Amino acid sequence: MDNEQNMDREEKLRAAARKNRRRRSVFGTFLAMLGCLVVMVGIMYGGVTLYSRLADQKDVSSEESQGHGTNESGSDLDDDTVGAVSEKVVYSQEELDARVAEAVLSAQGQVSAQILEGIKAGLSEGNTVLETLRPLYPDDLIVASGGRYHFVPINRSLKQNQLDIANVNILESGEYQYLVDGQIISHKGIDVSKHQGAIDWNLVAQDGVEFAFIRVGFRGYGSEGKMVEDEYFVKNIEGALAAGIKVGVYFYSQAITEAEAQEEAEFVIERIRPYEIACPVVFDVERVSGAQGRMNDISVEERTALAVLFCQTIEQAGYKPMIYHNTEMGALMLDLTQLEGYDKWYASYSDQIFYPYAYKIWQYSDKGSVQGINTDVDLNISFEPLWE
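This structure is a prediction, so every number in the text was calculated from the model and none was measured.

Asker: Whenever I open this one, the overall build of the chain confuses me. Can you help?
Answerer: Each helix and strand counted, the chain has nine helices and 14 strands in total. A total of 388 residues make up the chain; the buried ones form 46% of that total. Counting contacts in the chain only where the partners sit at least 6 residues apart, residues at least 24 apart contribute 67% of the total. Total accessible area on the chain is roughly 19300 Å²; 50% of this is exposed by carbon and sulfur atoms.

Asker: Looking at this model, I keep getting lost on the confidence of the model for the chain. Mind explaining?
Answerer: If pLDDT is low for a region, its predicted coordinates should not be looked at in detail. Summing up the model confidence of the chain, the mean pLDDT is 83 and the portion of residues at 70 or higher is 76%. Here residues 4–21 is a poorly scored stretch, pLDDT under 50, and it has 46 contacts once near neighbours within four places are set aside; other chains count. A low-confidence stretch, residues 58–86 (pLDDT under 50), is modelled with 16 contacts involving residues beyond four sequence positions or located in other chains.

Asker: Could you clarify how one ought to interpret the sheet that holds strand S5 (residues 183–184) in this entry?
Answerer: Pairing between sheet strands relies on hydrogen bonds along the backbone, with the strands arranged either parallel or antiparallel. The strand order across the open sheet built from three strands is S3-S4-S5, with neighbouring strands paired in antiparallel fashion. Each having just a single partner strand, strand S3 (168–170) and S5 make up the two edges of the open sheet.

Asker: Please explain helix H7 (residues 258–272) as it appears in this structure.
Answerer: Residue pairs spaced three or four apart in an α-helix point in one direction, given the helix's 3.6 residues per turn. If you check H7, its first and last C-alpha atoms are 22 Å apart, about what 15 residues at 1.5 Å a residue would give, namely 21 Å. The elements touched by buried residues of H7 are strand S7 (211–219), strand S8 (227–229), helix H6 (233–242), strand S9 (246–252), strand S10 (281–284) and helix H8 (300–316).

Asker: How do you make sense of the packing of aromatic side chains when you look at a structure like this?
Answerer: The relative placement of two aromatic rings is captured by the distance of their centres and the angle of their planes. Using the criterion set out here, one finds 19 aromatic pairs in the structure. Chaining the aromatic ring pairs together yields one cluster made of Tyr178, Tyr346, Tyr355, Tyr357, Tyr359 and Phe383. Stacked on the ring of Phe354, the Lys or Arg Arg134 has its end atom at 3.5 Å from the ring centre. Here the basic side chain of Arg271 rests over the ring of Phe267, its NZ or CZ set 3.6 Å away from the ring centre.

Asker: What am I meant to see in the side chain of Thr313 here?
Answerer: With respect to the helices and strands, the residue Thr313 is situated in helix H8. Accessibility expressed as a relative area gives 9% for Thr313, which makes it buried. Within the structure, Thr313 has its side chain in polar contact with the side chain of Gln262 (distance 3.3 Å). Once you skip the residues sitting within four places of it in the chain, Thr313 turns out to touch Gln262, Ala265 and Ile269.

Asker: Explain the nonpolar core here, please?
Answerer: In a soluble, globular protein the nonpolar side chains are often hidden away together inside. Among the nonpolar cores identified, the biggest contains 70 residues, and Ile190, Trp201, Val249 and Trp362 are the most heavily contacted of them. For this core, the leading source of residues is H8, giving seven residues. Not counting chain neighbours up to four residues away, the residues in contact with Ile190 comprise Trp201, Val204, Val209, Phe211, Ala212, Phe213, Val370, Ile373, Val377, Asp378, Leu379 and Asn380.

Asker: Just checking my understanding: could you explain a nonpolar patch on the surface for this structure?
Answerer: Taken together, the side chains of Tyr137, Tyr149 and Phe151 make up a nonpolar region of the molecular surface, amounting to roughly 280 Å² of accessible area. Along the polypeptide, Tyr137 turns up in the loop between helix H4 (129–133) and strand S1 (140–145).

Asker: Explain the pairing of strand S6 (residues 187–192) here, please?
Answerer: On a regular strand, one side chain projects to one face of the sheet and the next to the other, so that they alternate. When you tally the buried positions in S6, you get six out of six residues, the bulk of the element. Of the two faces of S6, the one carrying His187, Gly189 and Asp191 and the one carrying Lys188, Ile190 and Val192 are both buried. Note that S6 and strand S14 (residues 377–382) share five bridges and pair antiparallel. When the bridges of S14 are listed, Gly189 appears paired with Asn380. Taken together, the four bridges between S6 and S7 define a ladder with parallel strand orientation. The residue bridging Val192 from the neighbouring strand is Ile214, located in S7.

Asker: Hey, could you run me through H6 in this one?
Answerer: Every buried residue of H6 is accounted for by Phe233, Asn236, Ile237, Gly239 and Ala240. Taken end-on, H6 shows its buried residues confined to a sector of 165 degrees, consistent with a single buried face. Turned more than 90 degrees away from the buried face of H6 sit Lys235 and Ala242, all of them exposed. Contacts from the buried residues of H6 go to S6, helix H5 (201–206), S7, S8, S9 and H7. Two residues or fewer past H6, Gly244 is found with a positive phi of approximately 85 degrees.

Asker: Teacher, can you tell me more about unusual backbone geometry here?
Answerer: Leaving glycine aside, a negative phi is the common case for residues, and trans is the common case for peptide bonds. Even without being a glycine, Asp181 presents a positive backbone phi close to 55 degrees. Following the sequence through the fold, Asp181 ends up in the loop between strand S4 (176–180) and S5.

Asker: Would you mind going over the pattern of salt bridges with me for this structure?
Answerer: Where charged atoms from two side chains of opposite charge approach closely, those side chains can pair. Taken as a whole and judged by the stated rule, the model has 13 salt bridges. Among the salt bridges present, the one from Asp207 reaches Lys188, with a minimum N-O distance of 3.8 Å. Highlighted residues: Asp207 in the loop between H5 and S7 and Lys188 in strand S6, separated in sequence by 19 residues. Residue classification places Lys188 among the buried residues on the basis of a relative accessible area of 11%. Note that Arg219 is salt-bridged to Glu263, the shortest N-O span being 3.0 Å. With Arg219 in strand S7 and Glu263 in helix H7, the pair connects residues that are 44 residues apart, well separated along the chain. Each of Arg219, Glu260, Glu263, Glu264 and Arg294 takes part in one network of salt bridges that share partners.

What counts and how
- Residues numbered from 1 in each chain as written.
- Predicted model: local features only at pLDDT ≥ 70, side-chain atom pairs only at ≥ 80, totals over all residues.
- Heavy atoms only, no water.
- Helix = DSSP H or I, 4+ residues; strand = E, 2+ residues; numbered from the N terminus.
- Buried < 20%, exposed > 50% of the residue type's maximum accessible area, 1.4 Å probe, protein only.
- Contact = heavy atoms within 4.5 Å.
- Areas by Shrake-Rupley, 256 points an atom, 1.4 Å probe, with all protein chains shown as cover.
- pLDDT = per-residue confidence, 0-100.
- Pairing = 2+ DSSP bridges.
- Expected span 1.5 Å × (residues − 1).
- Phe/Tyr/Trp six-rings, centres within 6.5 Å; stacked < 30°, edge-to-face > 60°.
- Lys NZ or Arg CZ within 6 Å of the ring centre and 35° of its normal.
- Polar contact = N/O pair within 3.5 Å; in protein donor to acceptor, adjacent residues only side chain to side chain.
- Core = buried A, V, L, I, M, F, W, Y, C linked by side-chain atoms within 4.5 Å.
- Patch = residues over 30% accessible without salt bridge, like charges linked within 9 Å, V, L, I, M, F, W, Y side chains within 5 Å.
- Salt bridge = Lys/Arg side-chain N within 4 Å of Asp/Glu carboxyl O.
- Arc of directions from axis to C-beta.

Encoded structure:
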C-alpha cells in the first residue's frame, strides 16, 4: 500500500500474457511432487510388505524344517515334498533387515531424483523459489524475509482460506475476477492516496470500480511520529461518493504505544464522521523496508495489541474494523490468534492462492490501470459485498 517495496520481489505480478502458463506450470509441478510423495508412501508400505513377506517366508521355512518331514497326519513326506521344502530360502534376521533396507534405499533414490527433477523443471519454467517449494511443505507457510526463508507451521485452528485458484479468471488487462459456477461473484476495488494525484471519479466508476479505500492519513517514520492527514483525502472521499462508489478508509500506522494507537483511531473517526462509510475502516500495518520504521522493532505481542486497540476503538464508534497485512506480517509479525475476530485485507502480488488463512479482500497488484487515474493504482477484489 504505502510501503510498495515491502513485498517480496519473487512474488511480484508477472506480465498478464505469462500468467496462465505459469499457473499451469505450478500446478503441473505440484502434481509431479505430489505424485512423488505418494510414491514415497508406496515405497514405505512396500518395504513393510516386503519385510512381512520375507519374514513369513522365513517362519514357514523354519516350521517346515522343524516338522522333520511329516505331514499333518504324522506320516512321512514323500521325496518330492522333502525336495520342495529344502529349496526354500531361509534368511537370518540380519539378512532380512539388509534386504529390506536395500530395496527401500534404492526406491527412495529414484523418488528423490524425481523430486529434484520436478524442482528443476519448475524453476526452469520461471516459477519462483517460493512457488516451487510450497507444494513440498503443505503444512508450512514459507516466507522470504530478512534474506532468509522462514518455514512457519500453519495454524489449523484459525479460519482457513476456502478460495480455489481454479476459480480465478485473469483478463488480458491483468484484472482479476473470482467465479463460482461460472458466475463472477467478486467485486472490483481500488485503494488510493495522494500518490494517485487528481482523480476523475466518474471515469473510475465507468470502469467498473465498485468500492474504493481512501487513505485518511499516516504517521511519520521519525522519532516524533507526527500524524498527517492525506492532502487528497477530502477530494477523494467526496469524489468517490458523488460517483456512486462505496467507500472505506485506511490509516497507515506507525504507532508504538497504546496512546498512539488510540490517537490514530480517534484521528480517523473525527475525519470520517461527515461521510457515509459503507466499507470497513482499516488498520494498515506494514514493516518498513529501506527506512527505519518506528514499528519495525516492537514485539509481535506489542504490535498485535496495538492492532486490537485500534480496531476496538473503531468498532465502538460504530464502524466495521479491518486489518490490512501481507504474508510476512501475518506469518512473522502479528499474532493472528488474537485478531481472529476482525476481517482481513490481504496483499500478495501473485497469481497464486497460497495463503492459508481467510481474508475478504485480496490486493493483487500495485501496478494496475483504471480509467480516470493517471498513475499506477492498487487493484483489489472482494469475495463478498463489503457494504452489507
